[in-house]
Amino acid sequence: MVRHVDGTSAAVWVETARAGEVAVRLPDDADRGVWRAPTFRVHGHHYALVEVTGLRPGERTAYELLLDGEVVWPRPDDPFPAPALAASPPEGPLRLAFGSCRTSVPHDTVHEVTHGVDALRTYALALSAGERGPLGVVPDLLLLLGDQVYADSTSSAMQEFIASRRSLEEEPGEELADYEEYAHLYLLAWSEPALRWLFSWLPSLMIFDDHDIRDDWNTSLAWRHEMEETSWWHGRVVAGLGSYWVYQHLGNLSMEARAADPLWVELLRRQRERPGQEVDLTEVVDAFADRADREPLSYRWSYTHPLGRSHLVVIDSRAARRLEPESRAMLDEREMAWLDEQLTGDVDHLVIATSLPYLLPPGIHHLEAWDEALVGGAWGAPFRRVGEWLRQELDLEHWAAFNDSFDKVAAMVNEVAAGRRGAAPASVIFLSGDVHHSYINEVVADGGSRVLQLVCSPIRNPMPVVIRVVFAVIAHGVARPLGAALASSARVPDPPMRWRGVAGPWFSNNIAVLDLEGDDLRTVWLAGRRVPGVDDEPRLSLVADVELNVPPVGVALRPAVARVHPQKTPRERVRAAAPVVLGAAALAVVGLIWRRRSAR
Ligand SMILES: [Fe+2]
């Protein structure tokens, strides 16, 4: 996998079948040398990260991977284009593909019916065939915004593996128990040929969300206590965070950041002590993960990445939380202080990636803020438990459910947008996932930077069709007056910014590509469409193509004009929704008749 790249260097991460020395070389330019790294071992698995240096900004060059001097990648019969190191363009990465929530189940007809077509795999197939999509360009970077793997809801292939090691009757049943199971989960998620090619060709950055560990991870102190009472939680979280560092986090870091990472420093120290021998890092990784979970202040998963004249800040919105009711926060003090330093102007665009949407549909925002107040006792003691139940059942756990943190970030963003932290950027853009539908929201303001929320979810884990309709009506309709009334009944102050929906919601499996170049922002949401009669070769289809005019800072902001393509007239929308509404109504009638009959 090609992970962190900048203008001159690239990190190549591998898991190998055995111990050895991993090397990267450029077959088209042998004179530029060979870059090497020995494997290290964690729970019997072998990994290496090779730092390739001396690249030229913007160059895309083929590479080969060697294990102990023998070429192991690409394989001679590999049907895909050669894997490539794509150094960032001189102006920085400007086209970001992003998305979240991907279950890894097979790509046969049955699973395409139950889980939809995998949007990321379809995009990989299209790119490998030379297609460029509506933007006409290859993205510079893939940003995966959480739920890269599902440790709590497993596929039959994963369950087969678990059953080969322990009884599924044994806790935690079909969920993951240890590092070995995580290693297999990552293998299933990332070894599908088209995806494996994509990862070997397109640089990627990642951040976790709840399912990488468990649904609702750290939603509240009550949730945490519930988990800690189980026999398996400690093993799970240690394995989850340890494997996350190995599989996802290590490759997020620049060479400088990696050189300061305590685990990486320890690995290099041990490698220097015993040259030629594979270092076993198992105990160190386990102890580190255990501490990272018990003492969130001990490690930072958030990071930053330059995007040329723009800037990307990737926030950990799960592990750095404070859950004590009196000091509940999405980010603990240290993390919040760090974020405060990162959110500055003097950039073209300030891009903030957080797995959980910052700007929810306004109605849902009010509901979550109300629920937090309810658990805090705003309606009296009897309603606290109701609030906690609602929080866990309805996933009321986004930034709005950590209202104090929401307000702090809003204050920072308002200052950036007003030009009080350096020259105001043209836009401040939140990129998020998690919510199984996609949309654009925008802050209503008179001037300064445009503040936008772009959400792309899921890559492959769609909401059931009937729930989509209900959700669209509630979340983007009636929740607004209801939520606002509930929030004011619990004396929740109004949020320090107002925002509105610009485009969406879209519910299909999709991957988005954001183009930051020029004065206008353009984002496309792409999905996979089955070709009738052809198995396993989905084609790329357009969900939405949104152009947002970004006026120069200082010009009074009008509401964003989103030109959404393909345009749908209200009549077409009604026509598209009619079968679903009629189907839901028919189901309800059948259910009613059935209930009456069985009551007789
Ligand atoms: Fe999630």
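Computed from a prediction, not measured in an experiment: that's the story for all the values here.

The next subject is the overall build of the protein chain. Each helix and strand in the protein chain was counted, giving 17 helices and 25 strands. Its C-alpha radius of gyration of 24 Å places the protein chain within 12% of the 25 Å reference for a compact globule of 600 residues. For the protein chain, the spread of C-alpha atoms along the three principal axes comes to 70 × 60 × 55 Å. Sorting the 600 residues of the protein chain into buried and exposed places 46% on the buried side. Pairs at least 24 apart in sequence give 75% of the contacts found in the protein chain among residues at least 6 apart.

Let's shift gears to the nonpolar core. Counting residues in hydrophobic clusters, the biggest one holds 163 residues, and the most contacted among them are Leu 143, Ala 353, Leu 454 and Leu 526. Among the elements that line this core, the one with the most residues is helix α8 (residues 233-249), at eight residues.

Before going further, it helps to spend a moment on the domain arrangement of the protein chain. The domain boundaries assigned to the protein chain delineate domain 1 (93-575) and domain 2 (576-600). Taken over C-alpha atoms, the centre of domain 1 sits 35 Å from the centre of domain 2.

What follows covers the sheet that holds strand β6 (residues 45-52). The five strands are arranged β1-β2-β6-β5-β14 in an open sheet whose pairing can be described as mixed. At either end of the open sheet lies a strand with only one pairing partner, and these are β1 (2-5) and β14 (279-280). Pairing between strand β5 (residues 40-42) and β6: three bridges, direction antiparallel. Bridge pairing in β6 places Val 42 opposite His 45.

Paired through their backbone hydrogen bonds, the strands of a sheet run either parallel or antiparallel. What the seven strands build is an open sheet, ordered β15-β16-β17-β18-β20-β19-β21; its pairing is mixed. Looking at the sheet topology across the chains shown, the edges are occupied by β15 (303-307) and β21 (499-506). Taking each pair of neighbouring strands and ignoring which way they run, the sheet shows an average axis angle of 15 degrees. Its contacts with the sheet put helix α15 (residues 403-417) on β17 (349-354), β18 (427-432) and β20 (450-455), and the angle it makes with β18 is roughly 145 degrees.

Let's shift gears to the pairing of β20. Most of β20 is tucked away, with six of its six residues classed as buried. Here β20 shows a buried face lined by Arg 450, Leu 452 and Leu 454 and a second buried face lined by Val 451, Gln 453 and Val 455. In this sheet, β20 lies alongside β18 in parallel orientation, the contact comprising six bridges. Counted as the bridge partner of Ile 429 is Leu 452 from β20. Bridge analysis of strand β19 (residues 438-443) against β20 gives four bridges, and the strand direction is antiparallel. Counted as the bridge partner of Tyr 439 is Val 455 from β20. Hairpin geometry of β19 and β20 is characterised by an intervening segment of six residues between the two adjacent antiparallel strands and by a positive phi of about 80 degrees at Gly 448.

Before going further, it helps to spend a moment on helix α4 (residues 179-190). Taking 1.5 Å of rise per residue, the twelve residues of α4 would be expected to cover 16 Å, and the 16 Å separating its terminal C-alpha atoms lies within 8% of that figure. Within α4, the full set of buried residues consists of Tyr 179, Glu 181, Tyr 182, Ala 183, His 184 and Leu 185. Considering only its buried residues, α4 is in contact with β5, β6, α3 (156-163) and α8.

Angle between the axes and distance between the axes are the two parameters that describe a pair of packed helices. Contact pair α3 / α4: the axes reach a minimum separation of 10 Å and the direction vectors enclose 150 degrees. By the angle class used here, α3 and α4 are roughly antiparallel. Pair α3 / α4 crosses with right-handed handedness. For the pair α3 and α4, the contacting residues are Ala 157, Met 158, Phe 161 and Ile 162 in the first and Glu 181, His 184, Leu 185 and Leu 188 in the second.

A word on the pairing of β19. Burial within β19 is extensive, with six of its six residues counted as buried. Of the two faces of β19, the one holding Ser 438, Ile 440 and Glu 442 and the one holding Tyr 439, Asn 441 and Val 443 are both buried throughout. Summarising the sheet, β19 and β21 pair through five bridges and their orientation is antiparallel. The residue bridging Ile 440 from the neighbouring strand is Ala 503, located in β21.

Another point: the packing of α8 against helix α11 (residues 282-294). Packing of α8 against α11 brings their axes to within 8 Å, and their N-to-C directions diverge by 110 degrees. In terms of orientation, α8 and α11 fall into the roughly perpendicular class. In this structure, α8 crosses over α11, and the sense of that crossing is right-handed. Contact with α8, carried on its side by Val 237, Val 238, Leu 241, Gly 242, Trp 245 and Val 246, involves Val 285, Asp 286, Ala 289, Asp 290, Ala 292 and Asp 293 of α11 and no other residues of that element. Considering only residue class, the contact of α8 with α11 consists of eight nonpolar, one polar and three charged.

Residue Pro 74 is reached from Trp 73 by a cis peptide bond, and omega for that bond is 0 degrees. Note that Pro 74 resides in the loop between β9 (70-73) and β10 (84-86). Residue Pro 458 is bonded to the preceding Ser 457 through a cis peptide linkage, with omega at -5 degrees. Tracing the backbone shows Pro 458 in the loop between β20 and α16 (465-489). We note that Asn 218 has phi near 60 degrees; this positive angle belongs to a residue other than glycine. Mapping Asn 218 onto the fold places it in the loop between α6 (210-213) and α7 (221-228). Its identity as a non-glycine residue notwithstanding, Arg 491 has a phi of 55 degrees, on the positive side. Tracing the backbone shows Arg 491 in the loop between α16 and β21.

Reading the values: rules and limits
- Numbering of residues starts from 1 in each chain and follows the order in which that chain's sequence is written.
- The model is predicted, so local features are restricted to residues of pLDDT at least 70 and side-chain atom pairs to those at 80 or more, both for listing and for counting; the totals for chains, interfaces and linings are taken over all residues.
- Working definition: helices are DSSP H or I runs of at least four residues, strands are E runs of at least two. Numbering for both runs from the N terminus.
- Each radius of gyration reported is based on C-alpha atoms, and the globular scaling rule is 2.2 Å times the count of residues to the power 0.38.
- Partly exposed residues are those whose C-beta has more than 12 but fewer than 20 other C-beta atoms within 10 Å; 20 or more makes a residue buried and 12 or fewer makes it exposed, with C-beta atoms placed from the backbone.
- We call two residues in contact if the C-beta atoms placed from their backbones are at most 7 Å apart.
- A set of buried Ala, Val, Leu, Ile, Met, Phe, Trp, Tyr and Cys residues, joined through C-beta atoms within 7 Å, is what we mean by a nonpolar core.
- Each domain's extent was defined by an automatic or database domain assignment.
- Strand pairing is assigned whenever DSSP identifies at least 2 bridges connecting the two strands.
- A fitted line through C-alpha atoms represents every axis, and for helices the fit uses only the stretch in contact; the resulting angles, taken between N-to-C directions, go from 0 to 180 degrees.
- Here the expected length of a helix is defined as 1.5 Å per residue gap, with one fewer gap than residues.
- Angular relationships are summarised with four words: roughly parallel below 35 degrees, roughly antiparallel beyond 145, roughly perpendicular across 65 to 115, and oblique for the angles in between.
- Take the far helix as the reference: if the near one is turned anticlockwise from it by less than a right angle, the crossing is left-handed, and if turned clockwise, right-handed.
- Charged means Asp, Glu, Lys or Arg here, nonpolar means Ala, Val, Leu, Ile, Met, Phe, Trp, Tyr, Cys or Pro, and polar covers whatever is left, Gly included.

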